[in-house]
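# Chain and residue survey
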Amino acid sequence: MKTSVIKIVVLMALSILLVSCNDVKKDDFKVWAWLAGSTTMSEEQLDHYFSEAARAGIDAIILECHGARPEVIGDSASFRDEAAILILENAMVYAKKYDIELHAWMWTTNRAELSLRKAHPEWYQVNAQGESCADIKLYNREHYRFLCPTRPEVTGYLKERVREIAEVEGLAGIHMDFIRYPDAILPYRLQESRGVVQDKVYPLWDFCYCDECRAAFKEQSGIDPLDIGDPTSDEAWMQFRYDRMAEMASAIAAEIKACGKVASSAVFASPYESRKLVRQDWANFRNHDYIFPMIYHKFYFDEDAWVETATREGVEALRAVGNDAVLCSGLFVGHVPADRIEEFIGYTENGGSAGICFFSIEEMLKREGYVDSLRNVVEKIRLQD
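Here's what I pulled together on the structure shown here.

What counts, and at which threshold
- Residues numbered from 1 in each chain as written.
- Predicted model: local features only at pLDDT ≥ 70, side-chain atom pairs only at ≥ 80, totals over all residues.
- Heavy atoms only, no water.
- Axes fitted to C-alpha atoms, helices over the stretch in contact; angles between N-to-C directions.
- Helix = DSSP H or I, 4+ residues; strand = E, 2+ residues; numbered from the N terminus.
- Parallel < 35°, antiparallel > 145°, perpendicular 65-115°, else oblique.
- Left-handed = near helix turned anticlockwise from the far one by under 90°.
- Contact = heavy atoms within 4.5 Å.
- Nonpolar A, V, L, I, M, F, W, Y, C, P; charged D, E, K, R; others polar.
- Expected span 1.5 Å × (residues − 1).
- Buried < 20%, exposed > 50% of the residue type's maximum accessible area, 1.4 Å probe, protein only.
- Phe/Tyr/Trp six-rings, centres within 6.5 Å; stacked < 30°, edge-to-face > 60°.

## Looking at the packing of helix α5 (residues 152–165) against helix α8 (residues 235–258)
At a minimum axis distance of 9 Å, the contact between α5 and α8 shows a crossing angle of 30°. With respect to each other, α5 and α8 are oriented roughly parallel. The two elements α5 and α8 meet at a crossing, and its hand is right-handed. On α8, the residues touching Val-154, Thr-155, Leu-158, Lys-159, Val-162 and Arg-163 of α5 are Met-248, Ala-251, Ile-252, Glu-255 and Ile-256. A per-class count over the contact of α5 with α8 returns 7 nonpolar, 1 polar and 3 charged.

Right under this line is the structure:
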């Protein structure tokens with residue numbers, strides 16, 4: 001009799017615990033979306049974007065304030081990003097109006113501002129052919145200009161940009177994008193559209209072989225990476241590059257948190273693909289509150305269920321190295337039909353994601369009924385017991 005009573009008590013306790021866990025999960029379910037920003041965005045446009053985001057059930061907007069074609073206000077030689085500050089200040093009015101968190105989205109190692117390229121061309125990454133991406137147009141993209149993570153002055157420059165953006169009153173967080181190397185290999189479905197064949201890593205797309213990186217690796221290993229027969233298969237050289245980028249991401253995130261803001265990064269889809277394609281070991285990005293893997297699955301594979309697989313791999317990778325960052329899966333609106341939003345969110349939840357982030361609000365609004373569909377799904381999720 002006593003054993004039966006104990007079993008009943010234990011089962012009741014487990015039931016309460018499970019209900020509590022489910023409640024926490026639903027309460028914590030957070031919906032994010034990326035949005036491009038501009039100094040020329042009108043009050044009507046901003047009101048439209050934020051009001052529609054609120055109607056869709058979006059909790060937080062990640063607003064691009066420094067991107068591929070950075071705007072310049074005033075004396076660009078000062079490096080202070082007045083345009084980014086203005087973009088955020090203008091948007092903050094509507095973030096407060098519609099009770100939406102606003103996070104600043106800044107490009108990080110990929111910095112295309114002409115003033116910086118002219119002042120510090122030596123800060124930019126160099127490929128295995130000795131060409132600087134300050135001088136060449138990778139993949140025929142004018143904005144593909146990547147800074148070297150090994151140089152302390154680069155990290156210092158980016159920390160300065162963080163501090164000035166953090167001055168914007170009411171800003172919730174700062175979100176790092178392009179915290180990586182140039183694509184050594186493009187996501188598989190993009191290679192044809194860019195007119196490249198990448199059956200392996202070719203020297204043109206293999207970065208960073210600048211003097212600083214070569215000297216640092218030689219001091220560490222006794223070897224110049226250019227003397228390695230196949231540098232892309234050398235574990236020590238690959239690890240060196242993973243570590244330099246992770247150290248930079250961690251240092252900038254620490255600066256964001258020191259400014260009292262939420263620190264996050266957008267990263268490639270899965271830990272394996274990230275290391276392979278862009279030398280990005282994001283599981284070791286420390287001091288982060290959130291990591292957003294951009295699981296834009298049709299750029300990689302056709303299988304929709306890969307969204308769940310990539311999410312799970314990311315969660316497991318973070319936990320394996322003791323990283324307590326919260327993983328939030330990113331979905332590409334063009335790959336997720338309106339009538340299948342719930343299905344795709346289910347993939348991310350099954351994989352262990354703590355929320356969902358959509359790229360982008362603009363893409364949602366181009367598709368009739370998308371906002372309504374998302375709102376219905378979000379309401380359903382939040383009403384579940």
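## Brief notes about helix α10 (residues 306–320)
Along its 15 residues, α10 runs 21 Å from first to last C-alpha, staying within 8% of the 21 Å computed at 1.5 Å per residue. Every buried residue of α10 is accounted for by Trp-306, Val-307, Glu-308, Ala-310, Thr-311, Gly-314, Val-315, Ala-317 and Leu-318. Contacts made by the buried residues of α10 are with α9 (271–278), β7 (326–327), β8 (329–332) and α11 (341–351). Just downstream of α10 lies Gly-322, where phi reads positive at about 70°.

## Overview of the packing of aromatic side chains
Here a ring pair, both rings aromatic, is described through the centre-centre distance and the interplanar angle of the planes. For the structure on display, the rule yields 28 aromatic pairs. When the centroid spacing of 5.2 Å and the interplanar angle of 55° are considered together, the rings of Tyr-209 and Trp-237 count as tilted. Placement of Tyr-209 in the loop between α6 (191–194) and α7 (211–221) and of Trp-237 in helix α8 is noted, with a sequence separation of 28 residues between them. The residues Tyr-209 and Trp-237 share a single accessibility class, namely buried. Their ring planes at 35° and their centres at 6.1 Å tell us that Tyr-296 and Phe-359 sit as a pair that is tilted. Placement of the pair is Tyr-296 in the loop between β6 (290–293) and α10 and Phe-359 in strand β9 (residues 355–359), with a sequence separation of 63 residues.

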